[in-house]
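Below, each chain spelled out in residue letters.
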Amino acid sequence: MFPLRDHNPSGRTPYVVYLLMAANILGYLWYSTSFPGDRGLAMFYGAFAAVPREIMSGEAPLTLLTSMFIHGGVMHLAGNMLFLWIFGDNMEDEMGHLPFLLFYLVSGVGATLAHVVSAPMSPVPLVGASGAIAGVMGGYLLLFPKARVDILIILIVFFRIIPVPAFVMLGLWLGMQFLGGLNADPNLGGVAYWAHAGGFLIGLALTLPLWLKRGGPRFWTRTAGHPPHPETRYSVTRVPRVPRPPPARRPGPWGK
């Protein structure tokens, strides 16, 4: 299940989302080419990734920030940027540019600390913007629970794009993080489930004052949980059929 887009247009240009995406993408291109080989990358990650054991001992506190702009591969980067692109513009629209940037950074730092608490003595570096983007998703759920999100469902040979309410997609995603966290050892590396879940809940909590300012439950009542503006309508693209001309008939022996 992959989200592709939402039906929730933003009212202003999301400059901060663009800036964050550019920083992550250009940063990846820089360090992936400047530190060739596993050893070079390992040294880079050791210096700028968040290592729980080091953070617990008070070393390298700046890695709480720098780790948010480092990714472990192209697919890791692409997945995070897709989620930021889909959900970030609306949160920036609601919060404003600078408040959204602060919200993003605080969510990311809080998510990293949630992972550190789950594995305080782990020597495995933590990288990625997933925790900060999970905070964006948590805030989105609070403000737009019924905004439609198009998701791509892949079941072996079955491919289908269907729109679902945001609370269904985001609720399933959050549930998967909790289940993954309960069934995985955070000391062994892999997916940082508790960073995702922690970032999501932190983002939701940080958005609560804005939601209350908008009217709280009355805001949901006025909009029925949908965005308070017309949703985007996407046209269905169909592949045109080109009729095939019938084969030319060869004349018979009598000219017919």
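Residues numbered from 1 in each chain as written. Predicted model: local features only at pLDDT ≥ 70, side-chain atom pairs only at ≥ 80, totals over all residues. Heavy atoms only, no water.

Participant: So what exactly am I meant to see when it comes to the overall build of the protein chain here?
Facilitator: When helices and strands are tallied, the protein chain shows ten helices and three strands. Overall, the protein chain shows an N-to-C arrangement of helices and strands of β-α-α-α-α-α-α-α-β-β-α-α-α. Against the 2.2 N^0.38 benchmark of 18 Å for 256 residues, the protein chain shows a C-alpha radius of gyration of 23 Å, more extended than a compact globule. C-alpha extents for the protein chain along the principal axes are approximately 100 × 55 × 35 Å. Looking at the protein chain as a whole, 42% of its 256 residues are labelled buried. Considering only contacts in the protein chain between residues 6 or more positions apart, those separated by 24 or more positions represent 77%. Here the protein chain displays about 14700 Å² of accessible surface, and carbon together with sulfur accounts for 69% of that area. The protein chain carries 18 positive and 11 negative side-chain charges, and their two centres are separated by 21 Å. (Helix = DSSP H or I, 4+ residues; strand = E, 2+ residues; numbered from the N terminus. Rg over C-alpha atoms; globule rule 2.2 N^0.38 Å. Buried < 20%, exposed > 50% of the residue type's maximum accessible area, 1.4 Å probe, protein only. Contact = heavy atoms within 4.5 Å. Areas by Shrake-Rupley, 256 points an atom, 1.4 Å probe, with all protein chains shown as cover. Lys, Arg positive; Asp, Glu negative; His and termini not counted. Charge placed at Lys NZ, Arg CZ, Asp CG, Glu CD.)

Participant: What am I meant to see in the sheet that holds strand β2 (residues 148-155) here?
Facilitator: The strands that make up a sheet are held in pairs by hydrogen bonds between backbone atoms, and each pair lies either parallel or antiparallel. Taken in spatial order, the three strands line up as β1-β2-β3 in an open sheet, and their pairing is antiparallel. Two strands bound the open sheet, and with one partner strand each, they are β1 (2-6) and β3 (158-165). For this sheet the average axis-to-axis angle between neighbouring strands, irrespective of direction, equals 25°. For β2 and β3, the ladder comprises eight bridges, and the chain directions are antiparallel. Its bridge partner lying in β3, V149 is registered against V164. Along the sheet face, helix α8 (residues 166-182) touches β1, β2 and β3 and points at about 110° away from the line of β3. (Pairing = 2+ DSSP bridges. Axes fitted to C-alpha atoms, helices over the stretch in contact; angles between N-to-C directions.)

Participant: Where do I start with the layout of surface pockets in this structure?
Facilitator: Picture a little ball the size of a water molecule; that probe, rolled over the atoms, points out where space is still empty. A volume near 980 Å³ is recorded for the largest pocket. Around the largest pocket, the lining comprises 39 residues; the ones closest to its centre are H76, N80, S130, V191 and H196. The element best represented in the lining of the largest pocket is helix α5 (residues 74-95), accounting for seven residues. (1 Å grid on protein atoms, 1.4 Å probe; cavity = no way out; pocket = protein on both sides within 12 Å on 5 of 7 lines; lining within 4 Å. Points joined across faces, edges and corners; volume = space filled by probe spheres on them.)

Participant: How do you make sense of the pattern of salt bridges when you look at a structure like this?
Facilitator: Side-chain pairs of opposite charge can arise whenever the charged atoms involved come near each other. One pass over the structure, following the stated rule, counts three salt bridges. D150 serves as the salt-bridge partner of R5, at 2.7 Å between the closest nitrogen and oxygen. Pair noted here: R5 is in strand β1 and D150 is in strand β2, with a separation of 145 residues, a long-range link. A relative accessible area of 35% places R5 in the partly exposed class. Residue D150 is classed as buried on the basis of its relative accessible area, which comes to 4%. The salt bridge involving R214 is made with E94; its shortest N-O contact spans 3.0 Å. Of this pair, R214 sits in the loop between α9 (193-213) and α10 (217-223) while E94 sits in helix α5; the two residues are 120 residues apart in sequence, bridging distant segments of the chain. (Salt bridge = Lys/Arg side-chain N within 4 Å of Asp/Glu carboxyl O.)

Participant: Before we go on, may I ask you to explain the packing of α5 against helix α7 (residues 130-143) in this structure?
Facilitator: In a pair of packed helices, the angle between the axes and the distance between the axes together describe the arrangement. In contact at an axis separation of 9 Å, α5 and α7 are set at 40° when each is read in the N-to-C sense. In terms of axis orientation, α5 runs oblique to α7. At the point where α5 passes α7, the crossing takes the left-handed sense. Where α5 approaches α7, its residues H76, N80, M81, F83, L84, F87, G88, N90, M91 and E94 are matched on the opposing element by S130, I133, V136, M137, G139, Y140 and L143. (Parallel < 35°, antiparallel > 145°, perpendicular 65-115°, else oblique. Left-handed = near helix turned anticlockwise from the far one by under 90°.)

Participant: How do you make sense of the confidence of the model for the protein chain when you look at a structure like this?
Facilitator: Low pLDDT marks stretches whose predicted atomic positions should not be read closely. A residue-level look at the protein chain finds 91% of positions with pLDDT of 70 or above and a mean pLDDT of 88. Predicted confidence for residues 237-244 stays below pLDDT 50, and this span has zero contacts to residues more than four positions away or in other chains. (pLDDT = per-residue confidence, 0-100.)

Participant: Looking at this structure, how should I read helix α2 (residues 37-48)?
Facilitator: Each α-helix turn comprises 3.6 residues. Residues three or four places apart therefore point the same way. The end-to-end C-alpha distance of α2 is 17 Å, a good match for the 16 Å that twelve residues give at a rise of 1.5 Å each. Among the residues of α2, those classed as buried are G40, F44 and Y45. The buried residues of α2 occupy an angular sector of 135° when the element is viewed end-on, so they sit on one face. Exposed side chains of α2 directed beyond 90 degrees from the buried face belong to D38, R39 and M43. Each element contacted by the buried residues of α2 is listed here: α1 (15-34). (Expected span 1.5 Å × (residues − 1). Arc of directions from axis to C-beta.)

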